[in-house]
Amino acid sequence: MNLLDSSSRVAFAAMIHDLGKFAQRADDPAASRFAALLDGNIHTYCRRQNNGGYFSHRHAAYTALAFDELADKWPDVLHGDVPPFASRTRGEEKTDSLINAAAAHHRPDTLLQWIVATADRVASGFEREEFEKYNAAEDKTDTGRNHYQARLLSILENICIKEHPGERKEPRYAYRYPLLPMSAEGIFPHKREECEPDNDAAARKEYKKLWDAFVEGLEQIPASHRKSWPLWLDHFDSLWLAFTQAIPSATAFGVKPDVSLYDHSKATAALAVALWRFARAAGSTGPEAIGALGSRADWDEKKFLLIQGDFFGIQNFIFAEGSKTNRQAAKILRGRSFQVALFTELAALKVLELLELPPTSQILNAAGKFLIVAPHTKDALDILREARQEFDAWFLRHGFALTGMGLAWEPASCNDFCGGKGEKDNFSILMRTLFANQEKAKYRRYNLCGDNGPGPVLEADFSKGVCDWHGRLPADRELDGEKSCSLSRDQILIGQNIVRRSRLLIVREEDAGKISGEMCELPVFGYKIMFAEEESARGQFGELAASGVLRRCWDFSLPKNMTGTLWNGYARRQINGYVPRYAEAAERAAKKYGAKGMEEITPGGVKTLDHIACEDQLYDSEVRVCGQAALTVLKGDVDDLGRIFQKGARTYQGQRPTFARMAALSRQINAFFAVRLPALCARDFPDVYTVFAGGDDFFLIGPWLSTQKLAGALAEEFQRYAAANPQIHFSAGMVMKKPGSSVYALAEEAEQALHHAKELDEKNAFCLFDAVVPWQQWGELTRAEKELERVRNAYGLSTGFMYSLLSMLDMRLSEGEKLEGSLWRSRLYYSAARTLERARTPSSREAALRDIVTILGKDGIDKLGKAFRIPLFNFMYQKRG
């Protein structure tokens, strides 16, 4: 038995156990294509309620019907050897077929059926009494809509991090997700009245359109990839996400439908595989095992192993300096940022393959962290210790312990995912314990104090000097006067390829000779990495996929627009960032950029940071370039996200955190930065460079003023994304610098600015020009900047007068500390009066003086205080010649 393929089949059965919810809601009962077979399937898979009065949970029947309808579009699970399930052609007991395991989760009988059913309940966090009520309930939500009409609620809308006196105690359900495939716009909630139908016909029509697109998308997966279960299942996982991310998973028992069908399905698949593998390893496959699952007698047994990986030292890795780092800063930065995501993906893949687990066992992967669900067996624990040693050895050899991959794990039982209340909620305790284990692993990395550790001094060969791109690593090659190491050469190669190609192929190191193309030099954890175009990935490598040589094929393309579905036939990884490109030929750009770097300008080519710094310069009335050439570095992250996860995403409605809800929350936060942010840059801020964006944080470099405007737009977008929940927000630090500044110094200063922004009690702020300002004041500052421009133009205020406002602001800030601080008002009045005395009549001077003193004094210096630096500096930097 191929254990990986068998585990993949179990995962697939669990993944599609609620396929019928999608199919049923897209079906017209009056003209159903399933009419001839529906009644028989209802009697087979659905529960009879009220002593035979009616059948509930009819979606289970639709799961079986839809499975058969689509059987020719996924790997064959009906014929030949398909363990652990029965085959239709081998004379085996068909009760244990994959289709029955998927569809019988409300009426389980065999071990495999009970495994899927148990995983379904654990993923939802159901305690016994709750599930019995759910299993007997009608399809109607707590929001008053049935299974056709109900639309997915926003988890973010009702998250409560901290309670304040007088704040609302009851939940609000003002927002829903429209029934759309995943796109840069489709991930946003809308007001309920905008997207929730009030009749079944309209609701089914939306589902039918989505279902047809799903079926069409299923056909886009290359047929040759069906012969490799892990490869195909990885593609299907992305397809399922694209088309079920907005479908509510539960609409019975008066539930609040805030977990998507995708997130519930993925959690169920991971748990089911772990349960089956644990039972197989323990030899617990007979009637007693079935009875224990059904009675929950074994729900305290530690059958699961939650495994967390964490790439530590990310900032030092991305912003490491060498003598030539600044020369190709943009290329190096995007290569390193991509490597962080890639190394994390490959570490997760390594763990999965060592444990022979399918891709769906990886629940989370974002911002250098991953979470995998495995069976809690002795073999698994031994393998994880070996994996940790392998990761340590790789980073010691190639990174000299400057960065690394931490690995931690924690056993769990079914009851650890359910039960308890408040701070003693079992799942919250489980996750806090896992986070604590990860922190311990981080401080014990490399086993430096252990008997088998590497020792305090590492061997290194610096005979060729240090790498020009990373000043702490030894060079292993010198070519044309450049000294480099393999890690840096790969970073440059990646930086070149991610802007030209959109597919990534992963093969094992020993199979690298079987595939041709542009490949990274350095093997990573035993894998080789190759970039490919879409068509070559689809056709040229079909045989390699069928033979199992191709371990993964990832699409990392950026959204083409705001509404395009994020599905191109392959597994997607949101690990790429937006890069600005030249839109004009060199001769047209010469005046803007000057002579520097003109040879690098080609239409469609990637802009250099030196040229990006010029993009906010304008032309004055004499067609001369004016304004500051400078960059703004923007760094931010979500406030209190750690508390959200470690406390279990406590909500106003008192819902317990669940495994599926935690996974959904993590995925949604990551999607805003990894999906929406690059699309926003492409549409509205095309000159801002994404160094990294994903998980809960982001780091951008762009023209000094455009990047500020992006920060304000991003804060507004995030509030819309969070369904206007005032407790969900991010803080940001911004630093303005001339091009050519040290990349590491930029990162350090941006980090410090972010730290200052979070010093406000409620956070939710930004720091710029040494002023910390709540985001709520962003609109006031933009209005103040416009008013500065209006007043200056209307009354002919001189440059000297405008600069004098800075000293008046300093006086205002020293009020109460220095005697002369209180004189700023009289100085402003006197300076304005002197400026106006010869330019206007007495009556017009009086009106102008009132306007100037009000706008610049009362509404500016006095009201905004230190924050007034921002509109003042912005105004002045735009006028510099």
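A few points on the structure. (Residues numbered from 1 in each chain as written. Predicted model: local features only at pLDDT ≥ 70, side-chain atom pairs only at ≥ 80, totals over all residues. Heavy atoms only, no water.)

What about unusual backbone geometry?
Put simply, the test is: Going along the chain from the N terminus, every DSSP run of H or I of four or more residues is numbered as a helix, and every run of E of two or more is numbered as a strand.
Here the residue pair proline 83 and proline 84 is connected by a cis peptide bond, since its omega of 5° sits within 30 degrees of zero. Relative to the helices and strands, proline 84 resides in the loop between helix 4 (59-69) and helix 5 (98-103). We note that alanine 367 has phi near 55°; this positive angle belongs to a residue other than glycine. Its location among the elements puts alanine 367 in the loop between strand 6 (362-366) and strand 7 (369-375).

Considering the sheet that holds strand 8 (residues 404-412)
Counted only if it meets this: Any two strands with at least two DSSP bridges between them are considered paired. Fitted lines through C-alpha atoms serve as axes, helices being fitted only where they are in contact, and the angles separating the N-to-C directions of these axes extend from 0 to 180 degrees. For this analysis, residues touch if any pair of their heavy atoms sits within 4.5 Å.
Taken together, 4 strands build an open sheet; the order of strands is 6-7-5-8 and the sheet is antiparallel. Whereas interior strands pair on both sides, the edge strands pair on one side only; in this sheet they are strand 6 and strand 8. Taken pair by pair, the neighbouring strands of this sheet meet at an average axis angle of 20°, ignoring direction. Along the sheet, helix 15 (residues 378-399) contacts strand 5 (304-312), strand 7 and strand 8; its crossing angle with strand 8, the most-contacted strand, is approximately 165°.

Here's the deal with the pairing of strand 23 (residues 771-774)
To keep things clear, this is the line we draw: A 1.4 Å probe rolled over the protein chains alone gives each residue an accessible area, and that area as a share of the maximum for its type sets the label: buried under 20%, exposed over 50%, partly exposed in between.
The alternating pattern of strand 23 places Ala771 and Val773 on a buried face and Val772 and Pro774 on a face that is not buried. Relative to strand 23, strand 22 (residues 765-768) is paired through 4 bridges, and the arrangement is antiparallel. Its bridge partner being in strand 23, phenylalanine 766 is matched across the sheet by valine 773.

What to know about the nonpolar core
Side chains of a nonpolar character, in soluble globular proteins, are inclined to be buried together. Which entries qualify depends on this criterion: As used here, the term nonpolar core means buried Ala, Val, Leu, Ile, Met, Phe, Trp, Tyr and Cys residues forming a set that is joined through side-chain atoms within 4.5 Å.
Counting 264 residues, the largest nonpolar core has Phe214, Phe236 and Phe417 as the members making the most contacts within it. For phenylalanine 214, the contacting residues outside a window of four places in its chain are Leu19, Phe22, Leu70, Phe236, Leu239, Trp240 and Phe243. By size, the runner-up hydrophobic cluster in this structure holds 13 residues, among which are Ala532, Leu544, Cys553 and Tyr570.

Details of the pattern of salt bridges
Basically, it comes down to this: Salt bridges are counted wherever a side-chain nitrogen of Lys or Arg sits within 4 Å of a carboxyl oxygen of Asp or Glu.
Taken as a whole and assessed by the stated rule, the structure comprises 58 salt bridges. Here arginine 33 and aspartate 27 are joined by a salt bridge, their closest N and O atoms 3.7 Å apart. Assessed through its relative accessible area of 39%, arginine 33 is described here as partly exposed. With a closest N to O distance of 2.8 Å, aspartate 555 and arginine 503 form a salt bridge. You can see aspartate 555 sitting in strand 14 (residues 550-555) and its partner arginine 503 sitting in strand 11 (residues 503-508), a full 52 residues away along the chain. Salt bridges linked by common partners bring Arg145, Arg176, Arg192 and Glu196 together as one network.

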